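Overview (structure and organization)
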Amino acid sequence: MSVTIAIGEGFTRSVKAIGAQAGLDLKVATYPGVISTHERETVARNIENVLVEQIVRHLTSDEAPEQAIAQGSSSADRDIVFAGTFEAVNQHFYDRGWTDGLPVVPPTVEKIEAFLRFTDRSPDEVLGVMHPSLAQATIWNVAVNGVMAGCRPEYMPILVAIAEVMADPRYGLKHGGSTPGWEAMIILNGPIRDQLRFDCKQGLQRPGNQANTSVGRFYRLFARNVPRFLPGSTDMATFGQMFRGVVAENEEACAEFGWAPLHVARGYEPDDNVVTITSARTGSDPFTTAGESPERHLEMIVDWARRMIEPYQSSRGYVESHVLVLTPVIVSLLARAGYSKADLAEHIKKHATVTARYYEWHMMLGDHHTPGTTLAGLVEQGSLPREWHLSDDPDRLVPLMLPQTDWLIVVAGDPLRNRSCIYRQNFKQGYATSKKIQLPKKWGALLSS
Amino acid sequence: MPEYKVVNPLGRRAGQRKGHVRHARTLDGLTIGELSNNKFDPEFTFQEIEKALLKRYPTIRFVSHREFGDTYGSRETDVIESLPEKLARFECDAVISGNAG
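What you see is a predicted model; the values in this text were computed from it and never measured. Sequence order as written defines the numbering, with residues in each chain counted from 1. Chains and ligands are labelled sequentially in the order written, the chains with letters from A and the ligands with numbers from 1. Selection of residues for local features in this predicted model requires a pLDDT of at least 70, selection of side-chain atom pairs for listing and counting requires 80 or more, and totals for whole chains, interfaces and linings are taken over all residues.

Moving on, we get to the interface of chain A and chain B. Distance between backbone-placed C-beta atoms decides contact: two residues are in contact if it is within 7 Å. The partner chain B presents 46 residues to the 68 residues of chain A that form the contact. Listed by contribution, the elements that provide at least two residues to the side of chain A that touches chain B are β1 (2-7), α1 (8-21), α2 (40-60), β3 (82-84), α3 (86-95), β4 (126-130), β5 (135-138) and α5 (139-149) of chain A. Side-chain classes are defined by residue name, with Ala, Val, Leu, Ile, Met, Phe, Trp, Tyr, Cys and Pro counting as nonpolar, Asp, Glu, Lys and Arg as charged, and the others, Gly among them, as polar. Of the residues belonging to the side of chain A that touches chain B, the class tally is 39 nonpolar, 20 polar and nine charged. The pairing criterion for strands is at least two bridges between them, as found by DSSP. Secondary structure elements follow DSSP: runs of H or I no shorter than four residues count as helices, runs of E no shorter than two count as strands, and numbering proceeds from the N terminus. Relative to strand β1 (residues 4-6) of chain B, β3 of chain A runs antiparallel, the two sharing three bridges. Its bridge partner being in β1 of chain B, Ala83 of chain A is matched across the sheet by Lys5 of chain B.

Okay, structure coming up:
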C-alpha cells in the first residue's frame, strides 16, 4: 500500500490520472497550496494539520480504487468510430480531446492507407508502449495522426522515425507533462530534406511551409493522442507553447565551411536520413553578433549561454543537450578561425562561467536544494566535480554546465543574417535522441508517382 | 456535403489494472518506506511527516528516503529498478512517496 503526496489540486489531478491510467491503486494526499512559496513553519503546520490525516486515512481505510480513465482505444484500428461532415468530424474529435484545437484532416481508412504505402512496415508493428497512457504506438496510429496533422503521405517515414524517438526510453517522453511545458525541437538531416521540400533557410520555422509545419504539428498531436498528454490532468505545463516547425539543417553550408552536419557528428553516414529530437523549454532571443573577429561572436554566444542556463541545473546533476542554431554567415567567420562544431561546444562549456557567489545564491533561490546546501558540500558529497570548489573565494569562477553536457550545433536560418539562437533543453525529459529514417524499398518510384 | 467515415487516433491500451490492495487497520508496528523525488525540501518534509505520524502511532518504523535514492535524478531508472528488492529487504509494509509537483 502506498500514498503519494501531491502539491495542490493540480498535481492531485495529475497523479490520480497517471495512476489510474497505469491501473494502480494510487492514493493521493494533497498538500494545501504551493509548498515552494511556504516557509518551513507553514509547511510544518500544514503537514501536522492537513497532510498527515490524509496519509493515515489512505493507508488505513479500505477505500475502493478510483476508476481508471480509459485513455486508450478499445476499438480495432479500422473500426469506423464516427461518420459525418468535415465540421461534424472535427466537433466529434474536439469533444473527445483528440485534436490540438485546430481543424484536423478527417482520418479515413483511404487516407491512412495512402500513408501506409510509404512504409514497408506492418501497420500492426508496435513501436513501444507510451506513458502515461500505457497505450501502444504503432505504425497505424502514426499514420492516423499524420493524416490529421495535414502531412503528406510521403512524410510517413519521417513520422515513423519521430514516433520511434518518442517511444525510446532514453528520450524520456514519460516526463513530457512536466511544469516547464517544453516542446520538441525536431532536427532533420539527409537527402530527404530536399526530396520532401523541407526549408532550412530564411524563416524556416514560421508556419507556412507544409513539410516543416505539418511534421511539427504531428509531434504534438501524436503526444496528445497516444501517450495522452492532456492539459489539466497528465500535462502540467505551467504555460505551454505551440508546436515548433522542423529545423532542417543547411548541409550545403556545413560542407562549404567544413563542418559536419548534426547527424554525421552523431555517428551517422552523410547520406543517411536522420531525425534528432530534443526538448526545448524555450529559445533565446535570436541575438545579433557583430564584427569580423570571431572572438566577438564567441563572446556573445557564451554570454547568451550564460543567460539561458541556470546554476541549479548542474548543481542537481543535470546532463543536458542544448541546441545552438547558427546562420551560415556566422559559421563562415568561426570556421575561418579554425573552429569546428566540437570546438565551439567545448568553448561554450569552458567559458560559460559565473562567480561561485552568484552560483550559490541562484541555486538556492528556486527551492532546488535543502537550506544550507553549499558548493563545498556538493563537491564533498560527489554531486559536483572538484572544479566547482577549487578555493573558498566567493568571486572565483565556476562552470555553469557539467562536462558531459551536449551541445547540438545546427546550421540553419537566413544565410546572410548575423543572428543566432540557443534552445535550452530539459534534463532527462526529451534528451537528444536520433533515429535513422527507414525508407521503403520503392521510395524513388513512390515519390515520382 | 461529403461524409467522412473516420477511425480513432488513440493507441491500444497495453496495461492491465492491478488488483486492489487491502489496507492496514492501524499503522502501529508497521514499517513505512519514504520515496523522494528530491523536490521541495524532502529532508524537512519527511522529518515533519515522521514527527506527526509518530505522535499518532508511536511504534511506526521509517526507512529514510536516502536508502532508496532520488527518483527524480539522473539515476532514476536504476533507483526505480532497485525498488522492489529494497522494499522487500527493508520489509516495508507501506510507502509514502513525495513530493509530486
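What follows concerns the sheet that holds strand β8 (residues 274-280) of chain A. All names here are of chain A. Taken together, four strands build an open sheet; the order of strands is β7-β6-β8-β16 and the sheet is mixed. Strands with a single pairing partner mark the edges of an open sheet, and in this sheet they are β7 (247-248) and β16 (433-436). Taken together, the two bridges between strand β6 (residues 183-189) and β7 define a ladder with parallel strand orientation. The partner of Leu188 across the bridge, within β7, is Ala248.

What follows deals with the pairing of β1 of chain A. All names here are of chain A. The burial criterion counts other C-beta atoms lying within 10 Å of a residue's C-beta, which is placed from the backbone; the residue is buried at 20 or more, exposed at 12 or fewer, and partly exposed between these limits. Where burial is concerned, most of β1 is hidden: six out of the six residues are buried. Burial along β1 is two-sided: Ser2, Thr4 and Ala6 and Val3, Ile5 and Ile7, pointing in opposite directions, are all buried. As paired elements, β1 and strand β2 (residues 27-31) share five bridges and run parallel to each other. Looking at the pairing, Ala6 lines up with Thr30 of β2.

All right, on to the nonpolar core then. The nonpolar core criterion groups buried Ala, Val, Leu, Ile, Met, Phe, Trp, Tyr and Cys residues into a set whenever they are joined through C-beta atoms within 7 Å. Ranked by size, the top nonpolar core spans 104 residues in total, and within it Ile162 and Ile186 of chain A carry the most contacts. The biggest single contributor to this core is helix α6 (residues 156-167) of chain A, with 10 residues. Among residues more than four places away in sequence, those in contact with Ile186 of chain A are Ile162, Val215, Gly216, Tyr219, Val246, Val247, Val275 and Ile277 of chain A. Residues Ala6, Ala17 and Ala29 of chain A together with Ile96 of chain B belong to the second largest nonpolar core, which totals 32 residues.

All names here are of chain A. In this document the domain limits rely on a domain assignment from an automatic tool or a database. Here chain A is partitioned into domain 1 (3-60), domain 2 (81-255 + 438-449) and domain 3 (282-424). Put simply, the middle of domain 1 and the middle of domain 2, counted by C-alpha atoms, are 35 Å apart. Taken together, the contact pairs eight residues of domain 1 with eight residues of domain 2. For the side of domain 1 that touches domain 2, the residue count by class is four nonpolar, three polar and one charged.

Here we come to the environment of Arg419 of chain A. Residues and elements named next belong to chain A. Within the fold, Arg419 resides in strand β15 (residues 419-424). Using a count of 16 C-beta atoms within 10 Å as the deciding quantity, one classes Arg419 as partly exposed. A C-alpha to C-alpha distance of 38 Å links Arg419 and Trp98, two positions 321 residues apart in sequence. For Arg419, the contacting residues outside a window of four places in its chain are Pro286, Phe287, Thr288 and Thr327.

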